[in-house]
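So the chains spell out like this:
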Amino acid sequence: MSSEAVYAAIQAHVTANWTQTPVAWENDLFRPPATPNPWLLVEITAMQMDQRSIGAGTRNANYWREIGQLWLHLFVPSGTGSLTARALLRQAVDLFRGTDIGAITFTSAQIGVGESAQVAERGVRDGMWWRLSAAVEWERDL
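To keep things clear, this report deals only with the structure shown in the data block. Given the structure is predicted, the values throughout are model-derived calculations rather than measurements.

1. A closer look at the packing of aromatic side chains
Here's step 1: Per the counting criterion, the structure on display carries five aromatic pairs.
Here's step 2: Arranged with centres 6.1 Å apart and planes meeting at 65°, the rings of Y7 and W25 form a pair that is edge-to-face. Residue Y7 is located in helix α1 (residues 4-17), and its partner W25 is located in strand β1 (residues 23-25); the two are separated by 18 residues in the primary sequence. The pair formed by Y7 and W25 is uniform in burial state, with each residue classed as buried.
Here's step 3: Relative to F106, the ring of F96 has its centre 4.8 Å away and its plane inclined at 50°; by these criteria the two rings are tilted. Placement of the pair is F96 in the loop between α2 (83-94) and β4 (100-101) and F106 in strand β5 (residues 104-117), with a sequence separation of ten residues.
Here's step 4: On the basis of relative accessible area, F96 is assigned to the buried category, the value being 2%.
Here's step 5: Through pairs of rings, three or more aromatic residues link up here, namely F30, W39, F75 and W129.

The rules we used
Residues numbered from 1 in each chain as written. Predicted model: local features only at pLDDT ≥ 70, side-chain atom pairs only at ≥ 80, totals over all residues. Heavy atoms only, no water. Phe/Tyr/Trp six-rings, centres within 6.5 Å; stacked < 30°, edge-to-face > 60°. Helix = DSSP H or I, 4+ residues; strand = E, 2+ residues; numbered from the N terminus. Buried < 20%, exposed > 50% of the residue type's maximum accessible area, 1.4 Å probe, protein only.

Function cannot be read off these values alone, since they describe shape.
See the structure below:
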């Protein structure tokens, strides 16, 4: 789980800059479009928190780095091919390419493979959706 500051900053950035599709956030109420159209699911995770310096008095007073991943999952209707998903997901990844948001720096990104998705908590049933995911690495110095 990433820190609240990272989550809030990324959510504000996506909300302000992504207009191509509806966006679903972790554990928020969301229903995919009634007419099957693409939509984006955003997840933000932390991989680790490392102490990067010593000697600043207390351990918490030292320099720390939080490292994590931003996951972008682009959903398109099953059977419609992958080109739309690839184009939209690339645009979503590009929101973070070369971008710093406060103390958060976005580094490498990887667009992965797609698969049929059964995401019941999002109202997706019967294999209606195909998902293509990307992971964007981020780090935040504290």
